[in-house]
Amino acid sequence: METCIYHQLKSQPFWLLFLLSLGSLKILCFSIIFLKWVYVNFLRPGKNLKKYGSWALVTGPTDGIGKGFAFQLARKGLNLVLVGRNPDKLKDVSDSIKAKYGQIQIKSVVVDFSGDLDEGVEKIKETIEGLDVGVLINNVGVSYPYARFFHEVDDKLLADLIKVNVEGTTKVTQAVLPGMLKRKKGAIVNIGSGAAIVIPSDPLYAVYAATKAYVDQFSRCLYVEYKKSGIDVQCQVPLYVATKMASIKRSSFFVPSTDGYARAGLRWIGYEPRCTPYWPHSLLWGLIYSLPESIVDAWRLKFCMGIRKRGQMKDSRKKE
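Cut-offs applied
- Residues numbered from 1 in each chain as written.
- Predicted model: local features only at pLDDT ≥ 70, side-chain atom pairs only at ≥ 80, totals over all residues.
- Heavy atoms only, no water.
- UniProt positions renumbered as here; feature names shortened; annotations may be inferred.
- Helix = DSSP H or I, 4+ residues; strand = E, 2+ residues; numbered from the N terminus.
- Buried < 20%, exposed > 50% of the residue type's maximum accessible area, 1.4 Å probe, protein only.
- Contact = heavy atoms within 4.5 Å.
- Areas by Shrake-Rupley, 256 points an atom, 1.4 Å probe, with all protein chains shown as cover.
- Lys, Arg positive; Asp, Glu negative; His and termini not counted.
- Charge placed at Lys NZ, Arg CZ, Asp CG, Glu CD.
- Salt bridge = Lys/Arg side-chain N within 4 Å of Asp/Glu carboxyl O.
- Patch = residues over 30% accessible without salt bridge, like charges linked within 9 Å, V, L, I, M, F, W, Y side chains within 5 Å.
- Phe/Tyr/Trp six-rings, centres within 6.5 Å; stacked < 30°, edge-to-face > 60°.
- Lys NZ or Arg CZ within 6 Å of the ring centre and 35° of its normal.
- Pairing = 2+ DSSP bridges.
- Axes fitted to C-alpha atoms, helices over the stretch in contact; angles between N-to-C directions.
- Core = buried A, V, L, I, M, F, W, Y, C linked by side-chain atoms within 4.5 Å.
- Expected span 1.5 Å × (residues − 1).

The name recorded for the protein in an unreviewed UniProt entry is Very-long-chain 3-oxoacyl-CoA reductase 1-like, from Nicotiana tabacum. Under the UniProt heading Sequence similarities (unreviewed entry), the note attached to the protein is "Belongs to the short-chain dehydrogenases/reductases (SDR) family."

1. Things to note about the overall build of the protein
Secondary structure assignment for the protein yields 11 helices and seven strands. If one aligns the C-alpha atoms of the protein with their principal axes, the spans along those axes are about 80 × 55 × 35 Å. Within the span of the protein, comprising 320 residues, buried residues form 45% of the whole. Counting contacts in the protein only where the partners sit at least 6 residues apart, residues at least 24 apart contribute 75% of the total. Taken as a whole, the protein presents about 17,500 Å² of accessible surface, with 60% of it coming from carbon and sulfur. Averaging the positions of the 45 positive and the 28 negative side-chain charges in the protein gives two centres separated by 8 Å.

2. As for the pattern of salt bridges
The tally for this structure, following the rule as stated, stands at 12 salt bridges. The shortest N-O distance in the salt bridge between D118 and K171 comes to 2.6 Å. Linking D118 in helix α5 (residues 117-128) with K171 in helix α6 (residues 155-183), this pair joins segments that are 53 residues apart in sequence. One network of salt bridges, in which partners are shared, links D63, K89 and K244.

3. Points about a positive patch on the surface
There is a patch of like positive charges on the surface, built from R75, K76, K100 and R263. When you line up the elements, K76 lands in the loop between α3 (64-75) and β2 (79-84). We classify K76 as partly exposed; its relative accessible area is 44%.

4. Re the packing of aromatic side chains
All told, the structure shown has 12 aromatic pairs when counted by the stated rule. For the pair F42 and W279, a centre-to-centre distance of 5.3 Å together with 65 degrees between the ring planes defines the contact as edge-to-face. Pair noted here: F42 is in helix α2 (residues 14-43) and W279 is in helix α10 (residues 279-290), with a separation of 237 residues, a long-range link. Ring centres 5.6 Å apart and planes at 10 degrees place the aromatic pair Y214 and F218 in the stacked group. Taken together, the residues Y214 and F218, both in helix α8 (residues 206-226) and four residues apart, mark about one turn of the helix. A relative accessible area of 15% places F218 in the buried class. Here a set of aromatic residues connected by ring pairs shows up, and it is made of F30, F34, W37, F42, F253, F254 and W279. Stacked on the ring of Y271, the Lys or Arg R44 has its end atom at 3.7 Å from the ring centre. Here the basic side chain of R148 rests over the ring of Y146, its NZ or CZ set 4.6 Å away from the ring centre.

5. Observations concerning the sheet that holds β2
As summarised here, the arrangement of the seven strands in space is β3-β2-β1-β4-β5-β6-β7, forming an open sheet in which the pairing is parallel. At either margin of the open sheet sits one strand with a lone partner, and together these are β3 (106-110) and β7 (274-275). Sheet topology places strand β6 (residues 231-236) next to β7; two bridges connect them, and they run parallel. Within β7, the residue paired with Q236 across the bridge is C275. Packing of helix α4 (residues 87-100) onto the sheet brings it into contact with β2 and β3, and relative to β3 it is tilted by some 170 degrees. Contacts from α5 reach β1 (55-59), β2, β3 and β4 (133-138) within the one sheet, and its direction differs from that of β3 by about 160 degrees.

6. Considerations on the nonpolar core
The biggest cluster of nonpolar side chains holds 30 residues, and the ones touching the most others in it are L73, L80, L82, I97 and V135. At the level of secondary structure, the elements contributing two or more residues to this core comprise β1, α3, β2, α4, β4, β5 (186-191) and α9 (258-268). At six residues, α3 tops the list of elements feeding residues into this core. Leave out the neighbours within four places in its chain, and L82 touches V58, P61, A70, L90, V93, S94, I97, I106, K107, S108 and V109. Core analysis: the second largest hydrophobic core is formed by 28 residues, L57, I128, V133 and V176 among them.

7. Regarding α10
Counted at 1.5 Å a residue, the expected span for α10 with its 12 residues is 16 Å, and the 17 Å between its end C-alpha atoms agrees. Restricting attention to buried positions, one finds in α10 the residues P280, H281, S282, W285 and I288.

Structure follows, in structure tokens:
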């Protein structure tokens, strides 16, 4: 039978054999990619985060993804340093975590990332002195109140976007990194955004997307710089999550809750330098990449124009 198949193939024209070979190679490559996707999303075990250290520091832990990470890290048995702007909210989150995971130690640091950042970073340094902070979650961030053209972005919003999203992430990392280097171990997770990486553009959110592009490149460079020092740096790229920032109240299959995202996010810490932990988001990423950029740009502009219109109407009602 093998001889018969061989003679049949041998009798075929070269161009057909060439196309068959290319097709087989394409199928093999796709199969490998698919199997790897299944493994990393469903079969690969999460790392033991305690190996990095017994403490984790989370910025922006009072709402959204940061709050989800704080609870999930406590569930894994890590002590927490919570860094946020509102002392009352910090206390509420701290009390809730202690009520659920009583053995956890929690330290709170009040920092207004849009205010005196240098003073806030000094507070962080003083608080973590002597603590083996092994995991850093740089989650703090701000976005637009609603979509708007770049010329409509006022000076205060522009300054806050850059100071919180860029300077805040950078300086907190700079404060925590020396201790990790001293211990030769650590994990840094910077929360990016699909607005900067998944879609080719995010019109009417230009500055926000640009700040998240900075976070992505910053993370990749640190990953290369410190990998040999035992420090795993990663940029996590969520798409929409049910948060106040995204103005989404209900979770769904493609829009996880903050706890759902954080559970997925924890499993990816210490692996790839850039990832989309919530697997349905990776399906959307693949779909977007399969479409021409001009189509995605046009859809995104139309979508954001709708957000802008609703935001302007809401502002008008407030003024009346």
